[in-house]
Amino acid sequence: MDTRTEDLYPSRLERPTPSFDRLDPVVHSTGSDRTDGPLSETDLARYERDGFLAFPNFLDQETVARFRQDLRDYENDSNILRAEGTITEPGKQEIRSVFGVHELSERFDRLTRDPKILAMVHQLLGSDAYIHQSRINFKPGFHGKGFDWHSDFETWHAEDGMPRMRAVSFSIALTDNTPFNGPLMLIPGSHKRFVPCVGRTPEDNYQSSLKKQELGVPNDQDLAELADQGGIQAPTGPAGSLIIFECNTLHASNANMSPWPRSNLFFVFNSVENQLVDPYCGNKPRPDFLGNRTNTSALKPLEQEDWRRTG
């Protein structure tokens with residue numbers, strides 16, 4: 001049975017279609033809920049304007065070191081290398097992404113329930129939330145490939161059935177992010193426009209798109225126009241820094257030609273009021289590690305437990 005709601009953001013079309021203003025608010029909370037949390041009114045106004053926020057040194061170095069050890073363990077675990085949720089670099093056995101990390105590690109799972117993080121999520125989404133997707137992106141020195149310009153929401157809408165723009169990504173640097181090792185690039189203000197993309201989505205598109213995305217990529221003209229208007233920013237910072245970005249913010253990263261690896265942890269929080277329906281591209285849903293349909297109850301913040309404990 002088709003459980004799709006009205007398609008307010010049509011994409012993967014046969015011919016180019018003009019971009020249009022988003023139909024959803026950027027910050028969903030109102031009144032006292034808007035100000036009841038760690039994000040200041042200045043932070044919220046900047047998020048509404050730019051579509052992202054950056055906070056250096058969000059995690060202390062001792063905590064980062066523990067996460068980085070987990071990272072090394074994953075790289076040396078043959079079971080993880082063979083898992084469906086592990087994406088390798090094109091033509092190589094070097095890891096590009098590991099999905100579903102909050103289900104692999106109790107430490108990562110506790111991080112998703114950090115009270116400060118969930119309070120920020122509630123301010124931005126105006127509701128409780130669950131984990132739509134989690135992953136680590138690896139970008140080894142010298143050989144790490146880049147990620148093409150895209151809006152996450154365009155893919156999550158078309159291929160996962162996310163109805164509205166009511167999700168947010170938290171990216172935490174596990175290594176220093178410098179101008180030279182392929183940091184995340186974002187186009188400020190791009191989240192205010194939805195750019196429909198061209199091309200029919202084949203079944204199981206994720207098996208190739210996670211290595212190199214060719215569908216769901218905005219056209220050059222729209223990208224150039226949005227970049228001319230907003231510029232491009234690449235927030236950098238030491239390991240432990242946090243970037244929060246809105247689900248429709250256009251972003252990308254260059255290849256890492258430096259000797260220094262760049263690895264980042266991503267948690268995507270989706271509102272419990274924005275649960276997935278049938279994919280709007282008409283295909284079957286992607287696996288749960290890409291678009292969670294199983295564990296969608298509201299995350300509960302940890303109480304007195306210190307989530308940083310080694311576990």
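Before reading on, note that the structure itself is shown above.
Residues numbered from 1 in each chain as written. Predicted model: local features only at pLDDT ≥ 70, side-chain atom pairs only at ≥ 80, totals over all residues. Heavy atoms only, no water.

J.: For this particular structure, what's the right way to read the overall build of the protein chain?
T.: A count of helices and strands for the protein chain gives 10 helices and 12 strands. Against the compact-globule benchmark of 19 Å for 311 residues, the protein chain has a radius of gyration of 18 Å, which places it among compact chains. Seen through its principal axes, the protein chain has C-alpha atoms that stretch 50 × 50 × 45 Å. Expressed as a percentage of its 311 residues, the buried residues of the protein chain come to 56%. For the protein chain, long-range pairs separated by at least 24 residues make up 86% of all intrachain contacts whose partners lie at least 6 apart in sequence. Of the roughly 13,600 Å² of accessible surface on the protein chain, 50% is carried by carbon and sulfur atoms. Here the protein chain carries 34 positive and 46 negative side-chain charges, and the mean point of each set is 3 Å from the other. (Helix = DSSP H or I, 4+ residues; strand = E, 2+ residues; numbered from the N terminus. Rg over C-alpha atoms; globule rule 2.2 N^0.38 Å. Buried < 20%, exposed > 50% of the residue type's maximum accessible area, 1.4 Å probe, protein only. Contact = heavy atoms within 4.5 Å. Areas by Shrake-Rupley, 256 points an atom, 1.4 Å probe, with all protein chains shown as cover. Lys, Arg positive; Asp, Glu negative; His and termini not counted. Charge placed at Lys NZ, Arg CZ, Asp CG, Glu CD.)

J.: Whenever I open this one, helix H2 (residues 41-50) confuses me. Can you help?
T.: An α-helix turns once every 3.6 residues. As a result, residues three or four positions apart point the same way. Of the residues making up H2, those classed as buried are Asp 43, Leu 44, Tyr 47 and Asp 50. Viewed end-on, H2 has its buried residues packed into an arc of 150°, placing them on one side of the element. Where H2 ends, the next residue or the one after it, Gly 51, has phi of about 90°, a positive value. (Arc of directions from axis to C-beta.)

J.: For this particular structure, what's the right way to read the pattern of salt bridges?
T.: Between side chains of opposite charge, a pair can form when the charged atoms approach closely. One pass over the full model with this rule turns up 16 salt bridges. We note a salt bridge from Arg 164 to Asp 24, for which the minimum N-O separation is 2.7 Å. Here Arg 164 is found in the loop between helix H8 (152-160) and strand S7 (167-173), whereas its partner Asp 24 is found in the loop between strand S1 (20-21) and helix H1 (31-35), with 140 residues between them in sequence. In this structure, Arg 110 engages Glu 106 in a salt bridge whose closest nitrogen and oxygen atoms are separated by 3.0 Å. Highlighted residues: Arg 110 and Glu 106, both in helix H6 (residues 106-112), separated by 4 residues, approximately one helical turn. (Salt bridge = Lys/Arg side-chain N within 4 Å of Asp/Glu carboxyl O.)

J.: I'm lost on the pairing of strand S10 (residues 242-246) in this one. Help?
T.: In regular strands, side chains alternate between the two faces of the sheet. Most of S10 sits inside the fold, with 5 of its 5 residues counted as buried. With 4 bridges connecting them, strand S2 (residues 52-55) and S10 associate as antiparallel partners. Bridge pairing links Leu 53 to Ile 244 in S10. Pairing of S7 with S10 involves 5 bridges; the strand directions are antiparallel. Considered in S10, the bridge of Val 168 is made with Glu 246. (Pairing = 2+ DSSP bridges.)

J.: What exactly am I supposed to notice about the environment of Leu 186 here?
T.: With respect to the helices and strands, the residue Leu 186 is situated in strand S8 (residues 184-186). A C-alpha to C-alpha distance of 22 Å links Leu 186 and Leu 59, two positions 127 residues apart in sequence. When near neighbours in sequence (up to four residues on either side) are disregarded, Leu 186 contacts Phe 52, Trp 149, Gly 231, Ile 232, Gln 233, Pro 235, Phe 245, Thr 249, Leu 250 and His 251.

J.: Could you clarify how one ought to interpret the side chain of Thr 155 in this entry?
T.: Among the structural elements, Thr 155 can be located in helix H8. For Thr 155, a relative accessible area of 11% translates into the label buried. The contacts of Thr 155, once residues within four sequence positions are left out, are Arg 12, Asp 160, Gln 213 and Arg 286.

J.: Teacher, can you tell me more about the nonpolar core here?
T.: Where a protein is soluble and globular, its nonpolar side chains tend to be buried together. Judged by nonpolar contacts, the single largest core of 38 residues is most densely connected at Val 168, Phe 170 and Phe 269. Sorting the residues of this core by element identifies H2, helix H3 (61-75), H6, helix H7 (115-125), strand S5 (129-139), S7, S10 and strand S12 (262-271) as the ones contributing at least two each. Among the elements that make up this core, the one with the highest residue count is H7 (6 residues). Once residues lying within four places of it in the same chain are set aside, the contact partners of Val 168 are Tyr 47, Val 121, Leu 124, Leu 125, Ile 244, Phe 245, Phe 267, Val 268 and Phe 269. Counting residues in each nonpolar core, the second largest holds 11 residues, with Tyr 130, Trp 156, Met 162 and Phe 194 among its members. (Core = buried A, V, L, I, M, F, W, Y, C linked by side-chain atoms within 4.5 Å.)

J.: What is the right way to look at the environment of Ser 19 in this model?
T.: Structurally, the position occupied by Ser 19 is in the segment before S1. Overall, the relative accessible area of 16% leaves Ser 19 in the buried class. For Ser 19, the contacting residues outside a window of four places in its chain are Arg 193, Phe 194, Val 195, Pro 196 and Asp 222.

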